[in-house]
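Structural characterization, general
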Amino acid sequence: MLVVEGLTCRFGVKAAVDDASFQISPGGFVGVIGRSGAGKSTLLRTINRLVTPTQGRILFDGVDVTALRGRELRQWRARSAMIFQQFNLVGRLDVLTNVLMGRLATMPAWRSLTQTWPEQDKALAMSALEQFDIASLAAQRADQLSGGQQQRVAIARALVQQPDIILADEPIASLDPRNTKIVMDALLRINKHFGITVLCNLHSLDLARSYCDRLIGMAQGRVVFDGAPAALTEHVARELYDLEATEVMGGMPVPAPEGIPALGTAAAA
Ligand SMILES: Nc1ncnc2c1ncn2[C@@H]1O[C@H](COP(=O)(O)OP(=O)(O)OP(=O)(O)O)[C@@H](O)[C@H]1O
Ligand SMILES: [Mg+2]
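It is worth spelling out the overall build of the chain at this point. When helices and strands are tallied, the chain shows ten helices and ten strands. The 269 residues of the chain split such that 51% are buried. Counting only contacts in the chain whose residues sit at least 6 apart along the sequence, the fraction spanning at least 24 positions is 67%.

See below:
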């Protein structure tokens, strides 16, 4: 169980995350939605401890993650695997080695220096690639792959970390519709087949509604909605996104768009 209590993260005077509180039970597929600048990335980065919170606490299975240091902090970062919009692979290395990077946190220092990977780790990495239909790419350089393939490699790398939770920060933002589906399906597989909790930032409300069993809506750092996708009324959705539509139009008031999904698309533009 992930518990976020009164989490605040300030950059100077600006609160990127402002007094956020929620709990996530194991096995959920939770979407974080909201306009650009709402604090979605900062929330995920704070949970992973890439960013240190100004106030509040993050507990995982009763352990105060906010207080971890050194080795325990590194272990937490592995247990809360991040997936980024830009994949963050090492382009000059082959796919298998990129996936094996997910095992680094479990390796003694001498082994990571010599880069001799245990056979069982290699087998684990291959089986992760198989999960996402990219085992045939194992020997290819990562920078030779398409975006969708690269993101699946990143998801395989996250999987071999054997995480308790996956934190995906707009994992499909740079992909075309076909690859968007492939990558979202890969995350769904991680969630349903392996029972790993997924917390995923998404610009597209349409996608969030189709894939997530719960949505957390953020506006100006605050959690303004937390519930099932079906409970997200058009009224709340407009509240979450309208402000940005206005800003995109240079501050002029604009009529509310017809379809809710288009609002999410506008936010991504
Ligand atoms: N390292 C930082 N230093 C200063 N301000 C920051 C930093 N990171 C984020 N912010 C600010 O915090 C606010 C929230 O940013 P964040 O990136 O979390 O939003 P977001 O919801 O992920 O937006 P987007 O949808 O565009 O990715 C923004 O106003 C942003 O400018
Ligand atoms: Mg972001």
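After that view of the structure, there is still more to cover.
Right, let's talk about the packing of helix α5 (residues 119–131) against helix α6 (residues 147–160) for a bit. The N-to-C vectors of α5 and α6 enclose an angle of 135°; their axes lie 9 Å apart at closest approach. It follows that α5 is oblique to α6 by the angle criterion. At the point where α5 passes α6, the crossing takes the right-handed sense. Two secondary-structure elements touch here, α5 through Leu-124, Ala-125, Ala-128, Leu-129 and Gln-131 and α6 through Ala-156, Leu-159 and Val-160. Per-class residue counts for the contact of α5 with α6 are seven nonpolar, one polar and no charged.

Most of strand β3 (residues 29–33) is tucked away, with five of its five residues classed as buried. Residue alternation in β3 divides its side chains into two sets, Phe-29, Gly-31 and Ile-33 and Val-30 and Val-32, and both sets are buried. Across four bridges, the pairing between β3 and strand β8 (residues 197–201) is parallel. Along β8, the bridge assignment pairs Val-32 with Asn-201. Where β3 meets strand β9 (residues 214–219), four bridges bridge the pair, whose relative direction is parallel. The residue of β9 that forms the bridge with Gly-31 is Leu-215.

This next bit is on helix α2 (residues 70–79). For α2, every residue scored as buried is listed here: Leu-73, Trp-76 and Ala-78. Buried residues along α2 sit against α1 (40–47), β4 (55–60), β6 (80–84) and β7 (165–169).

Next up on the list: the site of ligand 1. The environment of ligand 1 is formed by 13 residues, the closest being Lys-14, Ser-36, Lys-40, Ser-41 and Thr-42. At 2.7 Å from an oxygen atom of ligand 1 is found a side-chain nitrogen or oxygen belonging to Lys-40. Interatomic distance of 2.8 Å between a side-chain N/O atom of Ser-41 and an oxygen atom of ligand 1. For ligand 1, the protein covers 60% of the area, taking 640 Å² as the surface of the free molecule. Within the residue set of the shell around ligand 1, elements represented by two or more residues are β2 (14–24) and α1.

Turning our eyes to something else, we now look at the pattern of salt bridges. For the structure on display, the rule yields nine salt bridges. One salt bridge connects Glu-5 with Arg-57, and the closest N-O pair in it is separated by 3.2 Å. Separated by 52 residues along the polypeptide, Glu-5 in strand β1 (residues 2–11) and Arg-57 in strand β4 bring together distant segments of the chain. Given the relative accessible area of 33%, Glu-5 is considered partly exposed. The partner of Arg-214 in a salt bridge is Asp-226, with the nearest N and O atoms 2.8 Å apart. Remark: Asp-226 occurs in strand β10 (residues 222–227) and Arg-214 occurs in strand β9; sequence separation between them is twelve residues.

Definitions and limits used
- Residues numbered from 1 in each chain as written.
- Chains lettered and ligands numbered in written order.
- Predicted model: local features only at pLDDT ≥ 70, side-chain atom pairs only at ≥ 80, totals over all residues.
- Heavy atoms only, no water.
- Helix = DSSP H or I, 4+ residues; strand = E, 2+ residues; numbered from the N terminus.
- Buried < 20%, exposed > 50% of the residue type's maximum accessible area, 1.4 Å probe, protein only.
- Contact = heavy atoms within 4.5 Å.
- Axes fitted to C-alpha atoms, helices over the stretch in contact; angles between N-to-C directions.
- Parallel < 35°, antiparallel > 145°, perpendicular 65-115°, else oblique.
- Left-handed = near helix turned anticlockwise from the far one by under 90°.
- Nonpolar A, V, L, I, M, F, W, Y, C, P; charged D, E, K, R; others polar.
- Pairing = 2+ DSSP bridges.
- Near = heavy atom within 4 Å.
- Polar contact = N/O pair within 3.5 Å; in protein donor to acceptor, adjacent residues only side chain to side chain.
- Areas by Shrake-Rupley, 256 points an atom, 1.4 Å probe, with all protein chains shown as cover.
- Salt bridge = Lys/Arg side-chain N within 4 Å of Asp/Glu carboxyl O.

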